Every structure is written in structure tokens, then in C-alpha cells.
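Architecture and fold: a report
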Amino acid sequence: MNAPDVPRYQIRALHTDTTVTVYQAYTPSIGLPAARQGRFPSSWKRERMTWVKPSFMWMMYRCGWGLKKDQETVLAVEISREGFELALRDACLSHFEPRVHTDRETWRRRLRESSARVQWDPERDLSLAPLAHRSLQLGLSGQASRRYADEWTVSITDVTPLVRRVHALVREGDTAAAARLLPEERPYPVPPEALDHLRPAD
């Protein structure tokens, strides 16, 4: 069900005073050592772009409840709010937006210079159907990717068992019980103006 009172572009996340939780899904050969060690292993390629999602349900849509190939291990990665907000300040929208960018060449230049990018995709409900409001995806590359792995990460938890429980309840038709197990994702306290360079026109 769509929630008409939720702003179209809003960051919602499980967060504390110092950390914010994002989700990723990996092959077990990467995900399991990461969860055991609390750090990404050397096999995790720090030079590649990595996308993190504050939305648990959008991660479920992306990884198919952890059933897609090479996405069988779902991780909850707790990172520092300082790092998360630094990446947001540096980020550029992944697509040209006339309301935000002067022209396409300005956007392309900014995209090349930035080590982070943002795209907004439809949030998902328990049936993985799209909702009217959007969910943030944050792509990290270069320095941002390395700092995410080696500086910003506070903890890594394998939440695949939770994914399995929620999915089982959804298949059984008990969506109320499934919803009670979902992480508590609240609006993230970023001043509205701090997202002006990342918010497309409604």
C-alpha cells in the first residue's frame, strides 16, 4: 500500500546517534567472511563501485529475498553517520536533472569528479511491488569506496536468517507478522537543503 504522507524523496534508515545501517547482498564467499570479521575481506574489490541501500525492502527486491545468484548472503552494514553524510555531500545524481544541473556537460563533469552518486528508485512493499515514494541508493567509488570499507564501517551482520523468516511469513500470507520483523527505518535527520543537489523534481 502506498503511503501518501511519505515525501517522495526522503532518506529513511535504521540509525542511531552515530551510525546508519545500509544493506548489501553478496556471494557467501565474500559475505560470510565479512560478517565474521566485521570488515570486508581482501577479496572485496575496493576499486570498484559499490551500491549501498538504507532500505531493507529495496534490498529484498534487488536480491530476490537472497535467492538470486551471487546475492545469497544479505549483510546489514552499520557505518558512521559522519561517513554517510560526507558521501551525500560529495554525491552527484546518476542522471541529468534540469532542476539541479545547469546543463548536461556540467552534470557529466560533476559525475566524473564525484566519488559518490545517488539514484532514487521506487520503494517496495512486502510483495515487492513499487510504492509511490522513493528509496535512496548510494553508489561509492574510488576514495569513497575505500573509506566505506576501511574507515566508515562499524559492524557487519549477516541478516540472511532474518530475510528467510520474513520471506517465509510473506509466502504464508502473514504480512502483519512479517512487517513486525522489519528493521525500524525512520526518516534520517538530514536538513532538507542538504539534499537539494540530490533531489529531482517531483
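Report on the accompanying structure. Because the structure is predicted, anything quoted here is derived from the model rather than measured.

Examining the overall build of the protein
When its secondary structure is counted, the protein shows seven helices and nine strands. Considering the protein as a whole, with its 202 residues, one finds that 50% of them fall into the buried category. Taking as baseline every contact in the protein between residues at least 6 positions apart, the subset at least 24 positions apart corresponds to 75%. About 10000 Å² of surface is accessible on the protein, with carbon and sulfur atoms providing 51% of the total. Where the 30 positive side-chain charges of the protein centre and where its 26 negative ones centre are 5 Å apart.

Considerations on the environment of Ser115
Assignment of secondary structure puts Ser115 in the loop between α4 (104-113) and β6 (116-124). With 62 residues separating them along the chain, Ser115 and Lys53 place their C-alpha atoms 16 Å apart. Among residues more than four places away in sequence, those in contact with Ser115 are Asp90, Gly139, Leu140, Ser141, Gln143 and Ala144.

Quick look at unusual backbone geometry
The backbone of Asp70 sits at a positive phi, close to 65°, despite the residue not being glycine. When you line up the elements, Asp70 lands in the loop between α2 (56-63) and β4 (73-80). Unusually for a residue other than glycine, Leu128 sits at a positive phi of about 70°. As for its position among the elements, Leu128 is in the loop between β6 and β7 (130-140). Leu128 gets classed as buried once you look at its relative accessible area, which sits at 19%.

Focus on helix α5 (residues 142-152)
Of the positions making up α5, those classed as buried are Ala144, Ser145, Tyr148, Ala149 and Trp152. End-on view of α5: buried residues confined to an arc of 135°, all on one side of the axis. Buried residues along α5 sit against β2 (19-26), β3 (50-52), β4, α3 (81-90), β7 and β8 (153-158).

Thoughts on the pairing of β2
Across the eight residues of β2, eight count as buried, placing the element largely inside the fold. Burial of β2 is two-sided: the residues Thr19, Thr21, Tyr23 and Ala25 facing one way and the residues Val20, Val22, Gln24 and Tyr26 facing the other way are all buried. Relative to β4, β2 runs antiparallel, the two sharing eight bridges. Of the residues in β4, the one forming a bridge with Thr19 is Ser80.

The rules behind these values
- Residues numbered from 1 in each chain as written.
- Predicted model: local features only at pLDDT ≥ 70, side-chain atom pairs only at ≥ 80, totals over all residues.
- Heavy atoms only, no water.
- Helix = DSSP H or I, 4+ residues; strand = E, 2+ residues; numbered from the N terminus.
- Buried < 20%, exposed > 50% of the residue type's maximum accessible area, 1.4 Å probe, protein only.
- Contact = heavy atoms within 4.5 Å.
- Areas by Shrake-Rupley, 256 points an atom, 1.4 Å probe, with all protein chains shown as cover.
- Lys, Arg positive; Asp, Glu negative; His and termini not counted.
- Charge placed at Lys NZ, Arg CZ, Asp CG, Glu CD.
- Arc of directions from axis to C-beta.
- Pairing = 2+ DSSP bridges.

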